[in-house]
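The residues making up each chain are set out below.
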Amino acid sequence: MKKNILTILLVLSINTVFAQYAYQNVLDAIESNSTVLSAHQKQMEAGLAENKAHALVENPEIEAGYKFGYGEESDKLELGIAQEFDFPTVYSHQNKIRKMSANIISSQYEIDRLTVLTEAQAICTELIFCNMKLALYKQNYDNAVKIANAYQKMMEIGETNILDYNKAKMNLANAKNNYDLEVIHHDNLMATLKTMNGGKDIDFQYEDYALVALPDNFDEWYANVEAVNPVFEQMRQQLAIDQQNVKLSKAQWLPKFSIGYGAEMAQGHNEGEHGPSLGLVLPLWHNKGTVKSAKLHAEAAETLLMNEKAVTYNYLSGLFAKAKALKANIESLANSIQQLDGQALLLKAFESGEMNIVDYLMEVEYYQNAMLELYSAEYEMNATMIELKSYEI
């Protein structure tokens, strides 16, 4: 156990960093096998296809009519085709909006992907915490079995009393309960990873946390978060779309025009009338209020982006401060626990008669609580760092 404490102190004393992601082989497997990510991928592809399929030019209009003649007038057949066009500036704005919409669709998939991978990292971090507790509980359980067996033999030959024997049995029951509950917790975490991996087993071989170095300067680090985080990128794209919609709304006040060709033929005559046509559509009613509405949408998007930046800055600043405090706390706890006797030494002292069962159980409980506090602080720090890291990738 002291070897583990020395390892913790060594890791905390150096500037450790992530690979691209922590627990890379687990994340690679989940990214390949996750049914959730597969569904998000298909949603993205469908969204991109729908965005691309939306034609900027309206469909052509074909007309056909048959008019019955009166008296000596012949029946007439009318045919016509027409295509309506916006002014080129409208198409330019619409094309820019379509490209930015494609970026939003792609960034949404990246957000969904990082959400799944960050959740997997959090579970991996909790698994390491769980494995540390399992090792501690297993050692405590094994020692409790030895003590209970010894007291049972002593009870049979009359070398101890029923009170001490009951203490030994109660200690064994508590140790077994702690270990069994942690085994269930471990199995549940592995089952969750398996579900995330599309129902396939995960080979989890990690024994230590993938520690991340705290940035030297929080403000510089946060500036990079704003630049690369897909949530901010999506909001910037939405703001750009809304601003482009203002320009589009103004351009749509220009009249539309249509070009067509028509023919009229009388029944029983080989000749008829035909020729091109040109028309204008004046936007007198349909676009009323659209520019004002577009401006309000753009202002709202800009306000939301500014608010998101402020909220995220404050939240990450809190996480940063929490990680620094936990790092210092871990160093203090690890140094303090180095001064304590481990469970093996306590058992040896008890077996040699240097302490009675009451003193032994009190010392074991004190040592175990100290180790659990250290493990908990170490887990909290790594879970915090995983969350911080999730914002910059």
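Residues numbered from 1 in each chain as written. Predicted model: local features only at pLDDT ≥ 70, side-chain atom pairs only at ≥ 80, totals over all residues. Heavy atoms only, no water.

*Asks:* Could you give an account of the nonpolar core, naming the residues involved and the relevant values?
*Replies:* Among the nonpolar cores identified, the biggest contains 67 residues, and Val26, Ile30, Leu193, Phe204, Leu316 and Tyr360 are the most heavily contacted of them. Secondary-structure elements contributing two or more residues to this core are helix H2 (24-33), helix H4 (88-156), helix H5 (162-196), helix H6 (218-228), helix H7 (230-251), helix H8 (290-337), helix H9 (343-351) and helix H10 (357-390). The element contributing the most residues to this core is H10, with 16 residues. (Core = buried A, V, L, I, M, F, W, Y, C linked by side-chain atoms within 4.5 Å. Buried < 20%, exposed > 50% of the residue type's maximum accessible area, 1.4 Å probe, protein only. Helix = DSSP H or I, 4+ residues; strand = E, 2+ residues; numbered from the N terminus.)

*Asks:* Go over the side chain of Gln368 with me, naming the residues and quoting the values.
*Replies:* Structurally, Gln368 is set in helix H10. Gln368 gets classed as buried once you look at its relative accessible area, which sits at 9%. If we ignore the near neighbours within four places in the chain, the residues touching Gln368 are Leu136, Tyr137, Asn140 and Asn178. (Contact = heavy atoms within 4.5 Å.)

*Asks:* Lay out H6 in plain terms, naming residues and giving numbers.
*Replies:* Among all positions in H6, only Phe218, Trp221, Tyr222 and Val225 are buried. The buried residues of H6 occupy an angular sector of 100° when the element is viewed end-on, so they sit on one face. Away from its buried face by more than 90 degrees, H6 exposes Glu220 and Ala227. Close packing links the buried residues of H6 with H7, H8 and H10. Near the N-terminus of H6, the side chain that reaches the backbone nitrogen of Asp219, with its oxygen 3.1 Å away, is that of Asn217. (Arc of directions from axis to C-beta. Polar contact = N/O pair within 3.5 Å; in protein donor to acceptor, adjacent residues only side chain to side chain.)

*Asks:* For H7, give the residues involved together with the corresponding values.
*Replies:* Its 22 residues give H7 an end-to-end C-alpha distance of 31 Å, which sits within 8% of 32 Å, the value for a rise of 1.5 Å per residue. Put simply, Asn229 is the residue that caps the front of H7, since its side-chain oxygen is 2.9 Å from the backbone nitrogen of Val231. (Expected span 1.5 Å × (residues − 1).)

*Asks:* Tell me what's going on with the packing of H4 against H7, and back it up with residues and numbers.
*Replies:* Remark: H4 packs on H7, axes separated minimally by 9 Å, with the N-to-C direction vectors making an angle of 165°. Accordingly, the angle class assigned to the pair H4 and H7 is roughly antiparallel. Seen along the crossing, H4 lies across H7 with a hand that is left-handed. Of the residues in the contact of H4 with H7, the class split is twelve nonpolar, twelve polar and three charged. (Axes fitted to C-alpha atoms, helices over the stretch in contact; angles between N-to-C directions. Parallel < 35°, antiparallel > 145°, perpendicular 65-115°, else oblique. Left-handed = near helix turned anticlockwise from the far one by under 90°. Nonpolar A, V, L, I, M, F, W, Y, C, P; charged D, E, K, R; others polar.)

*Asks:* Residue-level account of the packing of aromatic side chains, with values.
*Replies:* Going through the model one piece at a time under the given rule, you end up with ten aromatic pairs. When the ring of Phe218 is compared with that of Phe320, the centres are 5.3 Å apart and the planes differ by 45°; the resulting orientation is tilted. Within this pair, whereas Phe218 is found in helix H6, its partner Phe320 is found in helix H8, the two being separated by 102 residues in sequence. For the residue pair Phe218 and Phe320, the accessibility class agrees, reading buried in each case. An aromatic cluster of at least three residues, connected via ring pairs, comprises Phe218, Trp221, Tyr222, Tyr313 and Phe320. (Phe/Tyr/Trp six-rings, centres within 6.5 Å; stacked < 30°, edge-to-face > 60°.)

*Asks:* Describe the pattern of salt bridges, and please don't skip the residues or the numbers.
*Replies:* Applying the stated criterion across every chain, the model contains 15 salt bridges. Taking the shortest distance from any N to any O, the salt bridge between Glu110 and Arg113 comes out at 2.9 Å. In this pair, Glu110 and Arg113 are both assigned in helix H4, three residues apart and thus about one turn of the helix distant. The class for Arg113 is buried, based on a relative accessible area of 11%. Counted as one network, the salt bridges with shared partners bring together Glu31, Glu110 and Arg113. (Salt bridge = Lys/Arg side-chain N within 4 Å of Asp/Glu carboxyl O.)

*Asks:* Residue-level account of a nonpolar patch on the surface, with values.
*Replies:* A grouping of Tyr66, Phe68, Leu77, Leu79 and Met265 is seen on the molecular surface, where their side chains present a nonpolar patch of about 500 Å² in accessible area. With respect to the helices, strands and loops of the structure, Met265 is situated in strand S3 (residues 256-266). (Patch = residues over 30% accessible without salt bridge, like charges linked within 9 Å, V, L, I, M, F, W, Y side chains within 5 Å. Areas by Shrake-Rupley, 256 points an atom, 1.4 Å probe, with all protein chains shown as cover.)

*Asks:* Break down the environment of Asp242 for me, citing the residues and quoting the values.
*Replies:* Mapping Asp242 onto the fold places it in helix H7. Owing to a relative accessible area of 10%, Asp242 belongs among the buried residues under this scheme. Once the C-alpha coordinates of Asp242 and Ala298 are considered, the two residues, 56 residues apart in sequence, prove to be 4.7 Å apart. Beyond its immediate stretch of four places on either side in the chain, Asp242 contacts Ala294, His297, Ala298 and Ala301.

*Asks:* Please provide a residue-by-residue account of the side chain of Asn171, values included.
*Replies:* Its location among the elements puts Asn171 in helix H5. Among all residues touching Asn171, those that are not within four sequence positions of it are Ala144 and Leu361.

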